[in-house]
Amino acid sequence: MESAALIMDLEKRLPRKRFEHVLRVTETAKELAERFGVPACKAEQAALFHDIAKFMEPSDMRRLIEDNGEDVKLLSFHHELWHAAAGRIIAEQDFGVQDQDVLNAIRYHTTGRAGMSDLEKLIYIADLIEPGRDFPGITELRKAANLHLDEAMRACIVHSVLYLIDRNAAVFPDSIECYNEHVQRI
C-alpha cells in the first residue's frame with residue numbers, strides 16, 4: 001500500500017491529535033533510520049501502522065488477539081497494551097504487510113522485548129521521543145537517540161519500566177526481559 005493511501009486511511013480512523021502523533025513518529029523514525037542504517041521505507045511503514053488500532057473498542061482488540069494466535073497473557077494486562085498486537089494483525093490481514101520485521105516493530109512498540117531488531121528498537125524509541133512528547137527526562141532520551149541505537153533503547157526501556165513502577169502498574173513480562181537484556185549489557 002502506498003504511504004499516501006495509508007495516511008488517508010489513518011486520518012479517518014484516528015482522532016486528530018493521535019493522527020498528528022503518528023505523523024511525527026513517522027518523521028522521527030525516518031530520521032533515526034537514516035542515522036542508524038535501517039531501511040527508511042520499513043521505518044516509515046512500521047511507524048505509520050504503529051497506532052492504527054489505538055482507538056478500537058477493547059472487545060474488538062480482544063477478539064483479534066484471541067483469534068490470531070497472539071499471546072493471550074497480554075489480555076490480563078491493561079488494554080492500553082493491546083493495540084500493538086491488534087495493529088500487527090490489521091497491518092498483515094487488512095493491508096497485506098508481509099515483512100516480519102515491520103510486523104514485529106508494530107507488535108512490540110509498546111512493550112519492547114528481548115532480542116529486538118534494529119527496526120523494532122527504532123520504532124519503540126521514535127514513539128517515545130517524537131517532538132510532540134514532553135515529560136521529565138525527554139531531553140536525555142533524545143540525546144541518547146543521537147548517539148547510539150542500543151544506548152537509546154536502554155534509556156527508553158529503563159524510563160518506561162520506572163514510569164510503570166512509579167505508578168504501581170503491572171509491567172508486561174516482555175518489557176522486563178527487554179529491560180534486563182539492555183541493562184545487563186552495561
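If you're wondering where the values come from, they're calculated on a predicted model, not measured in any experiment. (Residues numbered from 1 in each chain as written. Predicted model: local features only at pLDDT ≥ 70, side-chain atom pairs only at ≥ 80, totals over all residues. Heavy atoms only, no water.)

### Some points on the overall build of the protein chain
Then, number 1: Scanning the protein chain for helices and strands turns up 10 helices and zero strands.
Then, number 2: Mapped in sequence order, the helices and strands of the protein chain form the string α-α-α-α-α-α-α-α-α-α.
Then, number 3: Here the protein chain has a C-alpha radius of gyration of 15 Å; the compact-globule value for 186 residues is 16 Å, and the two agree.
Then, number 4: Across the 186 residues of the protein chain, 48% fall into the buried class.
Then, number 5: At a minimum sequence separation of 6, the contacts of the protein chain that also span at least 24 residues come to 62%.
Then, number 6: Carbon and sulfur atoms make up 49% of the accessible area of the protein chain, which amounts to about 9,200 Å² in all.
Then, number 7: With 23 positive and 32 negative side-chain charges, the protein chain shows a separation of 3 Å between the mean positions of the two kinds. (Helix = DSSP H or I, 4+ residues; strand = E, 2+ residues; numbered from the N terminus. Rg over C-alpha atoms; globule rule 2.2 N^0.38 Å. Buried < 20%, exposed > 50% of the residue type's maximum accessible area, 1.4 Å probe, protein only. Contact = heavy atoms within 4.5 Å. Areas by Shrake-Rupley, 256 points an atom, 1.4 Å probe, with all protein chains shown as cover. Lys, Arg positive; Asp, Glu negative; His and termini not counted. Charge placed at Lys NZ, Arg CZ, Asp CG, Glu CD.)

### Thoughts on the packing of aromatic side chains
Then, number 1: In the structure shown here, the tally under the stated rule is two aromatic pairs.
Then, number 2: Directly above the ring of tyrosine 108 sits arginine 107, whose terminal nitrogen or CZ lies 4.7 Å from the centroid. (Phe/Tyr/Trp six-rings, centres within 6.5 Å; stacked < 30°, edge-to-face > 60°. Lys NZ or Arg CZ within 6 Å of the ring centre and 35° of its normal.)

### Observations concerning unusual backbone geometry
Then, number 1: For asparagine 168, which is not glycine, the phi dihedral falls at a positive 55 degrees.
Then, number 2: Among the structural elements, asparagine 168 can be located in the loop between α9 (149–166) and α10 (173–184).
Then, number 3: Judged by its relative accessible area of 74%, asparagine 168 is exposed.

### A closer look at the pattern of salt bridges
Then, number 1: For the structure shown, the criterion picks out 24 salt bridges.
Then, number 2: Where arginine 18 meets aspartate 51, a salt bridge forms, and the shortest distance between an N and an O atom there is 2.7 Å. With a gap of 33 residues between them, arginine 18 in helix α2 (residues 16–36) and aspartate 51 in the loop between α3 (40–49) and α4 (58–67) connect regions that are remote in the sequence.
Then, number 3: The shortest N-O distance in the salt bridge between aspartate 99 and lysine 42 comes to 3.3 Å. Taken together, the residues span a long stretch of sequence, with aspartate 99 in the loop between α5 (82–93) and α6 (100–107) and lysine 42 in helix α3 at a distance of 57 residues.
Then, number 4: Residues participating in the shared-partner salt-bridge network are Asp118, Lys121, Asp150, Glu181 and Arg185. (Salt bridge = Lys/Arg side-chain N within 4 Å of Asp/Glu carboxyl O.)

### What to know about the packing of α3 against helix α7 (residues 118–129)
Then, number 1: The contact between α3 and α7 brings their axes to 10 Å, and the two run at 50 degrees. Compared by their axis directions, α3 and α7 come out oblique. By crossing handedness, the relation of α3 to α7 is classed as right-handed. Residues Lys42, Ala43, Ala46 and Ala47 of α3 form the contact with α7, whose participating residues are Leu119, Leu122 and Ile123.
Then, number 2: For the contact of α3 with α7, a count of residues per class yields six nonpolar, no polar and one charged. (Axes fitted to C-alpha atoms, helices over the stretch in contact; angles between N-to-C directions. Parallel < 35°, antiparallel > 145°, perpendicular 65-115°, else oblique. Left-handed = near helix turned anticlockwise from the far one by under 90°. Nonpolar A, V, L, I, M, F, W, Y, C, P; charged D, E, K, R; others polar.)

### Notes on the nonpolar core
Then, number 1: By size, the foremost hydrophobic cluster in this structure holds 61 residues, and its most contacted members are Leu10, Leu32, Phe49, Leu122, Ile123, Ile125 and Ile129.
Then, number 2: For phenylalanine 49, the contacting residues outside a window of four places in its chain are Leu6, Ala91, Phe95, Val97 and Ile106. (Core = buried A, V, L, I, M, F, W, Y, C linked by side-chain atoms within 4.5 Å.)

### Digging into the packing of helix α1 (residues 3–13) against α3
Then, number 1: Where α1 meets α3, the axes come as close as 10 Å, and the angle between the chain directions of the two elements is 15 degrees. Compared by their axis directions, α1 and α3 come out roughly parallel. As α1 packs across α3, the resulting crossing turns out to be left-handed. Contacts from Ser3, Leu6, Ile7 and Leu10 of α1 reach α3 at Glu44, Leu48 and Phe49.

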